[in-house]
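# Summary of structural features
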Amino acid sequence: MAESGSSAEFSGSLTSSILPPPRTRIFKIIVIGDSGVGKTCLTYRFCAGKFPEKTEATIGVDFRERLVEIDGENIKIQLWDTAGQERFRKSMVQHYYRNVHAVVFVYDITNAASFHSLPAWIEECKQHALGTEVPRILVGNKCDLQDSVQVSTDVAQQFADAHSMPLFETSAKNPNSQGDGNYGNSDHVEAIFMTVAHKLKSQKPLVLSQPPEASGGTVNLSRGRDDAGDGTRSWGCSSC
Ligand SMILES: Nc1nc2c(ncn2[C@@H]2O[C@H](COP(=O)(O)OP(=O)(O)OP(=O)(O)O)[C@@H](O)[C@H]2O)c(=O)[nH]1
Ligand SMILES: [Mg+2]
């Protein structure tokens, strides 16, 4: 008798005192594409709210985070700004794809070669066995440079459709600038990453907030350096 009474008391207090308070979920989103397409500028724009005055080729990976609230839930969007140059990424690639929640492919609308590289980036994802449930989106950057367009919206849209990805055209420099097609004319950098976050929130299950090491990854964010003091943390490759 006494046991059943205490059992009732126990279950009644579960939610109030034993369960930990809800924790912030982390969405790990990797941003990949050729060197110079603007991955660093796009991620910086989203996390720091401005276009960086100066960038250098990313070595290994830079982490940028932003806390957002979606439907009353706090969510940490963790952007992995990857290196586009092969020599700066080769020993890091496995870390990029580990426990990733979404992939953002970036090309430069003023650089056809960066668009033609996309199949190779998609192939890399395949080789790392990304499930079909992992959302992928395509971003054509540098829409402010309308006089130098080399990749038309139509061609990009066909590619996006063929790979079942939504297409956004934008500019990290001036995200309000107009594209020349029907897609993404008013899409700001903000909207791109928030769209991914909304999509992820609607999926489950998701990883709870915890250090990347504990979540199965091998990257320790605390080892990164924040040279610029802007919240960016870098994790380079020892062989670079
Ligand atoms: N006009 C214009 N220039 C941009 C835009 N985004 C980036 N850039 C410029 O493009 C160059 C490369 O930008 P990054 O963001 O460093 O390119 P990345 O893709 O990170 O390159 P890696 O780190 O080498 O892979 C820089 O000179 C930026 O100022 C944009 O939207 N418009
Ligand atoms: Mg970069």
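Position numbers for residues start from 1 in each chain and track the written sequence from start to end. Chain labels run from A onward and ligand labels from 1 onward, assigned in the order the entries are written. Two thresholds apply to this predicted model, a pLDDT of at least 70 for residue-level local features and 80 or more for giving and counting side-chain atom pairs, whereas whole-chain, interface and lining totals are computed over all residues. Excluding hydrogens and water, the side-chain values take into account all heavy atoms of the structure.

A donor here means an N, O or S atom no more than 2.8 Å from the metal, or no more than 3.2 Å when the metal is Na, K or Ca. Since water is not included, a site may seem to lack partners. Of the protein atoms, only Thr 40 (OG1) and Thr 58 (OG1) coordinate the magnesium ion (ligand 2), at distances of 2.0 Å. Taken together, the residues span a long stretch of sequence, with Thr 40 in helix α2 (residues 39–48) and Thr 58 in the loop between α2 and β2 (61–70) at a distance of 18 residues. Burial status follows relative accessibility: with a 1.4 Å probe on protein chains alone, a residue under 20% of its type maximum counts as buried, one over 50% as exposed, and anything between as partly exposed. For Thr 40, a relative accessible area of 14% puts it in the buried group. Under the relative-accessibility criterion, Thr 58 is labelled buried at 9%. For helices the rule is a DSSP run of H or I covering at least 4 residues; for strands it is a run of E covering at least 2, with both sets numbered from the N terminus onward.

Any two packed helices are characterised by the angle at which their axes cross and by the distance between the axes. Running from N to C, α2 and helix α8 (residues 189–201) cross one another at 85 degrees; their axes reach a closest spacing of 9 Å. Taken together, the axes of α2 and α8 are roughly perpendicular relative to one another. Counting all contacts with α2, which are made through Leu 42, Arg 45 and Phe 46, the residues of α8 involved are Val 189, Glu 190, Phe 193 and Met 194. Gly is put with the polar residues, along with every residue not named as nonpolar or charged; the nonpolar set is Ala, Val, Leu, Ile, Met, Phe, Trp, Tyr, Cys and Pro, and the charged set is Asp, Glu, Lys and Arg. Grouping the constituent residues of the contact of α2 with α8 by class yields five nonpolar, no polar and two charged. With axes taken as lines fitted to C-alpha atoms, and helix axes fitted only over the stretch in contact, angles between N-to-C directions fall between 0 and 180 degrees. Between 65 and 115 degrees an angle is taken as roughly perpendicular, under 35 as roughly parallel, over 145 as roughly antiparallel, and anywhere else as oblique. Working rule for contacts: check all heavy atoms of both residues, and any pair within 4.5 Å makes them a contact.

Our focus in this paragraph is the site of ligand 1. Distances are taken per atom, and a residue is near a molecule or strand as soon as one of its heavy atoms is within 4 Å of it. Around ligand 1 sit 21 residues, and of these Ser 35, Lys 39, Thr 58, Gly 84 and Asp 144 come closest. Each polar contact in these results corresponds to two N or O atoms within 3.5 Å; when the atoms are within protein, one needs to be able to donate a hydrogen and the other to accept it, and residues that are neighboring in sequence are counted only if both atoms are side-chain atoms. Note that an oxygen atom of ligand 1 is positioned 2.9 Å from one of the side-chain N or O atoms of Thr 40. Between an oxygen atom of ligand 1 and a side-chain N or O atom of Ser 171, the distance comes to 3.2 Å. For every accessible area listed, the method is Shrake-Rupley and the probe measures 1.4 Å; residues are considered covered only by the protein chains on display. For ligand 1, the accessible surface in isolation is 650 Å², of which the surrounding protein chains cover 84%. No other element matches the three residues that α2 contributes to the shell around ligand 1. Counted by class, the shell around ligand 1 contains seven nonpolar, nine polar and five charged residues.

Shape descriptors only; they carry no functional weight alone.
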